[in-house]
Each structure stands twice: as structure tokens, then as C-alpha cells.
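# Descriptive analysis of the structure
For reference, the chains in residue letters:
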Amino acid sequence: MRYLLIFFLLLTTGFSFAQDTSLKSKVSGTILNSANLLPLSNVNVININKVKGTVTNGRGTFEIEATANDTIHVTCIGYQSLRVRVTNDWIKNPNTKIVLTEKAIALEEVFVRKYMLTGYLEVDSKLIPYNENYSYSISGLSKSYEGGERSPGAFSRVMNSIFNPADMLYNFFGNKPKELKKLKEMRKDDTVRNLLETKFDRETIAVLLGIDKDEIPEILQRCNYSQTFIETANDLQILDAISGCYEEYKVLTKKTEKYVKDKD
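The notes below deal with the structure included here. (Residues numbered from 1 in each chain as written. Predicted model: local features only at pLDDT ≥ 70, side-chain atom pairs only at ≥ 80, totals over all residues. Heavy atoms only, no water.)

### Let's talk about the sheet that holds strand E6 (residues 82-85)
With respect to topology, four strands assemble into an open sheet ordered E3-E2-E5-E6, the strand pairing being antiparallel. Where the open sheet ends on each side, the last strands, each with one partner, are strand E3 (52-55) and E6. Within this sheet the neighbouring strands show an average axis-to-axis angle of 20 degrees, counted without direction. Taken together, the four bridges between strand E2 (residues 44-47) and strand E5 (residues 71-75) define a ladder with antiparallel strand orientation. For Ile46, the partnering residue across the bridge sits in E5 and is His73. (Pairing = 2+ DSSP bridges. Helix = DSSP H or I, 4+ residues; strand = E, 2+ residues; numbered from the N terminus. Axes fitted to C-alpha atoms, helices over the stretch in contact; angles between N-to-C directions.)

The following block contains the structure:
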């Protein structure tokens with residue numbers, strides 16, 4: 001009888017703990033402007049670990065799925081981005097306030113006379129340089145690779161960057177399997193997709209993938225996207241490009257491993 005009572009108490013305690021945990025699966029708070037402590041609406045709030053996003057309402061408040069030790073990335077146009085670690089205290093306190101600081105942006109004088117145009121179309125059309133970007137289709141892949149030029153060596157560079165196991169692309173994708181699995185989750189969340197579609201600074205992508213912003217152009221170059229695409233695409237297009245390149249990398253890696261096994 002005593003053992004039965006102990007078992008019942010343990011079961012009740014476990015049930016209460018599970019119930020308590022489920023109630024604490026979200027955190028909430030209010031985003032304020034540091035200059036006047038007024039609430040900020042339409043601030044993007046992303047849980048980096050769970051790849052879930054939301055935006056603040058007209059009162060500056062938000063609620064998002066999170067557990068202890070998750071990292072929340074807060075970003076808003078015109079304000080310094082902020083990363084906040086979720087603590088047990090925050091989970092217990094729904095009235096947490098987060099303050100954002102406005103960016104100090106200095107505008108410099110700009111001269112738009114790069115090509116010294118004359119005003120005559122026939123003359124100016126020869127003065128302005130242009131880049132031709134070409135795509136190379138690879139058998140077995142649903143998506144073609146974009147190359148920066150059309151020359152005898154361009155296709156070879158595409159193939160070399162794919163199959164060379166010592167290059168940066170192989171090392172990056174091989175060393176970050178967990179981070180790159182987030183790519184699929186990013187596509188599923190509407191808030192994250194909408195945010196990336198309006199951004200061109202690569203900051204959110206870098207935070208979500210756990211990489212430096214300077215690595216992104218190099219990754220895309222190794223995937224043979226043109227310089228024009230790298231410089232002008234929005235963050236959502238960059239995300240899709242890296243995601244597509246990663247999926248193709250996995251296909252080619254499997255084919256290479258199968259070829260080696262068959263050869264042995």
C-alpha cells in the first residue's frame with residue numbers, strides 16, 4: 001500500500017510538472033522606443049532557435065513560442081537590432097519590457113555622374129557597361145546554376161565549385177547541418193518570410209544561420225550566382241538561393257558517395 005501511494009504521488013507530481021511546462025511555452029513583452037518610452041508597433045520578433053516569428057501590435061506587445069535559453073531577435077527599420085536570451089524569470093513575468101535605440105544615420109553628399117552621360121542614346125548606350133548572366137543546366141538537378149559570364153571556362157568553374165570537396169562551399173555545408181536544416185523552417189513561417197522579403201541587409205539570415213554576413217556573398221559565389229543577383233536580391237531571394245544550393249549539394253554528395261561505393 002505504501003509503494004502504491006508513493007507511485008501515485010510521483011505520477012501526480014510528473015503530471016503537474018508537465019502541465020506547468022506546457023503553460024510556460026510562450027513569452028510575451030512590450031517593445032519601447034528608448035527616446036520617449038512609447039510603444040513600437042510592427043516590430044519583428046523572431047525566435048532563432050525555433051524559427052518562429054511575430055510582430056508587435058499597436059500597443060507594442062507581442063507573444064511568441066519560446067523556452068528557457070532560446071534567443072529572441074528583435075528588429076525594426078530605423079532601430080538597432082537586439083538579441084535577448086529567454087530566462088526563467090522572463091517566462092514567469094509576462095510584463096517584460098524591451099527597449100530599442102534609434103540608429104544614427106549620417107547622409108553624405110552623393111554625385112551621380114559615374115558614366116559621364118551625354119544625353120544622346122546612341123552614344124550613351126556604348127558608355128554604360130553591362131553584365132550578361134547565364135544559367136547552366138546540370139543533369140539530375142531541377143534547378144540551373146547561374147554563371148556570371150559566357151565563356152569556355154565558365155561552365156568548368158560551375159562544375160569545379162560543385163564537385164571540389166576542398167572548397168569553402170563543401171566545408172560550410174558540411175560543418176553546419178543543424179543550422180541549414182532551419183532553412184525549411186524559415187520558409188514555413190509567414191512572419192519570417194515577410195520580413196526577409198522586405199530586407200536587403202543580410203542581417204536576419206546571418207543571425208538565423210549562425211554565420212557572419214561577410215560569408216553570404218562568398219557562399220553565393222561558390223553556388224555560381226552572379227554578382228548582380230548577390231548585390232540586388234532581397235533577403236528572401238538570398239535565403240531561397242542558399243536553400244536551393246544546399247539541396248543540390250546534398251543530391252550531388254549522395255551521387256558522389258554512391259559512385260565511389262560502386263567503383264570500389
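### Notes on the pairing of E5
The buried fraction of E5 amounts to five of the five residues, a majority that puts the element mostly inside the structure. Side chains Thr71, His73 and Thr75 of E5 all project onto a buried face; the interleaved residues Ile72 and Val74 project onto the opposite face, where all are buried too. Here E5 runs beside E6; their pairing, made up of four bridges, is antiparallel. Each residue of the ladder has a partner; that of His73, found in E6, is Arg83. (Buried < 20%, exposed > 50% of the residue type's maximum accessible area, 1.4 Å probe, protein only.)

### Some points on the state of the cysteines
Two cysteines whose sulfur atoms are joined by a covalent bond form what is called a disulfide. Going through the model one piece at a time under the given rule, you end up with one disulfide. Between the sulfur atoms of Cys223 and its disulfide mate Cys245 the distance is 2.0 Å. One quick way to see it: the torsion about the S-S bond of Cys223 and Cys245 is about -90 degrees, and its sign makes the bridge left-handed. Taken as a pair, Cys223 in the loop between helix H9 (215-222) and helix H10 (227-232) and Cys245 in helix H11 (residues 235-263) lie far apart in primary sequence, 22 residues in all. A residue is classified by how much of its surface remains accessible, and Cys245, at 1% relative accessible area, is buried. (Disulfide = S-S within 2.5 Å.)

Any functional reading would require information beyond the geometric quantities listed.
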